[in-house]
Amino acid sequence: MPYPLNDTQRAMRQVIRDFCRNEVMPGAAERDRTGAFPAEIMRGLGELGAMGITVPDSCGGLGLDTQTQLLAIEEVARADAALASIYTAHLLALEVLVPYLNKEQKGRFIPDMASGKALGAFALTEPGSGSDIGGMDTVARRDGDAWVVSGSKTFISNAADAGTTVLFAKTDPAAGFRGISAFVLSRGTPGVSFSEPQEKLGIRSAPTHTVYFDGARVTDDRVIGELGTGGKMALSALNRARIDIAAMANGIAQRALELAVEYAAARVQFGHPIRDFQAIQLMLGQMDAELEAARLTAWWAAAEKDSGADLRRAGSIAKWVATENCGAIVDLAVQVHGGAGYMRESEIERLYRDARILRIFEGTSQIQLLGIAATLAATFDRSGEVV
Ligand SMILES: Cc1cc2nc3c(=O)[nH]c(=O)nc-3n(C[C@H](O)[C@H](O)[C@H](O)COP(=O)(O)OP(=O)(O)OC[C@H]3O[C@@H](n4cnc5c(N)ncnc54)[C@H](O)[C@@H]3O)c2cc1C
């Protein structure tokens, strides 16, 4: 393997794996049925340090590398994809707060998030603006010594359970994308309310809500960075956090492969375990190859991130490869299970539903490919030579 794990990475993976086996896996199917938010489990992940793995130790985190974070996400997703969605939404909020808050703000907001006391949320998408974030309608207007926010956000993961929310709103609506600013809000801000959890296909115990802002007052000490740079911050945070979604995909794919291998050994047809048939072996071989390719791509992107490289290309490649491969892998795993894989009581049926979101959130597959192509246009001249 070109990316061997060091002792710290192995130890952290084992700690998270043990926790997931004992605390997460046993209730995952029941939470999928009820949609219950796993508050106790999130607290447990916080106690293990998982909520701030790459957060600098000066801010209360573990100060470890990105690959260690990917290993933790993969373990969580392997046990319960919905939990991994809650976890990665929290990490996405940190991708804005850690680089862009000033020193005083960091001390105020980040230690509670790194310890898991305050869950993070990232409020960007609106009913009228998804991929096109410059089209957002939520506005923050100056009123005396504060900003007054009006509008709504939708599909926001963790919204009603979050202690700390990163909010994007236009402070200069005429300036479009360059008029977006970012704010950090705490739980219980007057003028902020939530819809009921939205009903959805998969990751059912990871609630998303529409969030309503009706004259919510936000003081200047909650502005993140410079006014007008919120759009840039959002895109930059998404580029970095997409590697986490790749790890989530790899965890789901790992579990799908395990289930398919187990089922192929146990299921007997025509007097043989079905794993004796080449048609089944071809599917298992393809799943394994696609998973390893996705994992190595994610780890490469993690190394790029830790080296301080621009992640527009690497982040999108990692997300696109892993999430598309995961879609193919869970589909093949259902096929290996035959009719049993289509039944509500089978774990693979849940994974099939849970995996579908991966190609939509934090930028659809099409948006990833467009982003990759845009970096190529900047790198190649007209003759195709690298500039
Ligand atoms: C379960 C869930 C959780 C989510 N969590 C969050 C969250 O925590 N915070 C948050 O802010 N958002 C969140 N989202 C929103 C998510 O990021 C958006 O749904 C996603 O970015 C796509 O936006 P959209 O749904 O408006 O689709 P649209 O942007 O309307 O896209 C619809 C289709 O058009 C395609 N398309 C759009 N523009 C182009 C283009 N220029 N060229 C080619 N094709 C294009 C897309 O690829 C897609 O196929 C969540 C969504 C879901 C479903």
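Each remark here, short or long, concerns the structure printed above.
In this report, we go over the structure that sits alongside the text. (Residues numbered from 1 in each chain as written. Predicted model: local features only at pLDDT ≥ 70, side-chain atom pairs only at ≥ 80, totals over all residues.)

Side note on the overall build of the protein chain
Definition in use: Each helix is a run of H or I in the DSSP string that is no shorter than four residues. Each strand is a run of E no shorter than two, and both are numbered from the N terminus. Note that the radius of gyration is over C-alpha atoms, with the globule rule given as 2.2 Å times the number of residues to the power 0.38. For the exposure call, what matters is how many other C-beta atoms sit within 10 Å of a residue's own: 20 or more marks it buried, 12 or fewer exposed, and in between partly exposed, using C-beta atoms placed from the backbone. Here, residues touch in the contact sense if the C-beta positions derived from the backbone fall within 7 Å of one another.
For the protein chain, the helix and strand inventory stands at 11 helices and 10 strands. Relative to its length of 387 residues, the protein chain is compact, with a C-alpha radius of gyration of 21 Å against a globular reference of 21 Å. In terms of overall dimensions, the protein chain has C-alpha extents of about 80 × 55 × 40 Å along its principal axes. Taking all 387 residues of the protein chain together, the buried fraction comes to 49%. Considering only residue pairs separated by 6 or more positions, the protein chain has 75% of its internal contacts joining residues 24 or more positions apart.

Here we look at the packing of helix 7 (residues 230-266) against helix 9 (residues 312-337)
The cut-off we apply is this: Interaxial angles span 0 to 180 degrees and are taken between N-to-C directions of axes, which are lines fitted to C-alpha atoms, for helices over the stretch in contact. Angular relationships are summarised with four words: roughly parallel below 35 degrees, roughly antiparallel beyond 145, roughly perpendicular across 65 to 115, and oblique for the angles in between. For any helix crossing, the convention is left-handed if the near helix is rotated counterclockwise from the far helix by under a right angle, and right-handed if that rotation is clockwise. Each residue gets one label: Ala, Val, Leu, Ile, Met, Phe, Trp, Tyr, Cys and Pro are nonpolar, Asp, Glu, Lys and Arg are charged, and the others, such as Gly, are polar.
Closest axis-to-axis distance for the helix 7/helix 9 pair is 8 Å, and the angle between their directions is 20°. By the angle between their axes, helix 7 is roughly parallel relative to helix 9. Note that helix 7 runs across helix 9; the crossing there is left-handed. Of the residues in the contact of helix 7 with helix 9, the class split is 19 nonpolar, 7 polar and 4 charged.

Considerations on the site of the ligand
The test is simple: The criterion for a residue being near a molecule or strand is a backbone-placed C-beta atom within 6 Å of that molecule or strand. For every domain, the bounds stem from an assignment made automatically or drawn from a database.
As a structural note, the neighbourhood of the ligand is formed by 21 residues, with L124, T125, G130, S131 and T364 the closest of them. Breaking the shell around the ligand down by element, the ones donating at least two residues are strand 1 (120-123), strand 3 (146-157) and helix 11 (365-379). Looking at the shell around the ligand, its residues break down into 11 nonpolar, 8 polar and 2 charged. Residue contributions to the shell around the ligand reach at least three from each of two domains, namely domain 2 (121-228) and domain 3 (232-379).

A few points about the pairing of strand 1
Put simply, the rule reads: Here, strands pair whenever DSSP counts at least two bridges between them.
The alternating pattern of strand 1 places G120 and F122 on one face and A121 and A123 on the opposite face, and all of these are buried. Inspection of the sheet shows strand 1 paired to strand 4 (residues 164-170) by 4 bridges, in the parallel sense. Within strand 4, the residue paired with A123 across the bridge is L167.

As for unusual backbone geometry
The residue F155 is not glycine, and still its phi comes out positive at about 60°. For F155, the location among the structural elements is in strand 3. The class of F155 is partly exposed, set by 19 C-beta atoms lying within 10 Å.

Observations regarding the packing of helix 1 (residues 7-24) against helix 4 (residues 66-79)
Interaxial distance between helix 1 and helix 4 falls to 9 Å at its minimum, and their mutual angle equals 20°. The angle between helix 1 and helix 4 places the two elements in the roughly parallel class. As for the relative orientation of helix 1 and helix 4, their crossing is right-handed in sense. Contacts from T8, Q9, M12, R13, I16, R17, C20 and V24 in helix 1 reach Q67, T68, L71, A72, E75, V76, R78 and A79 in helix 4.

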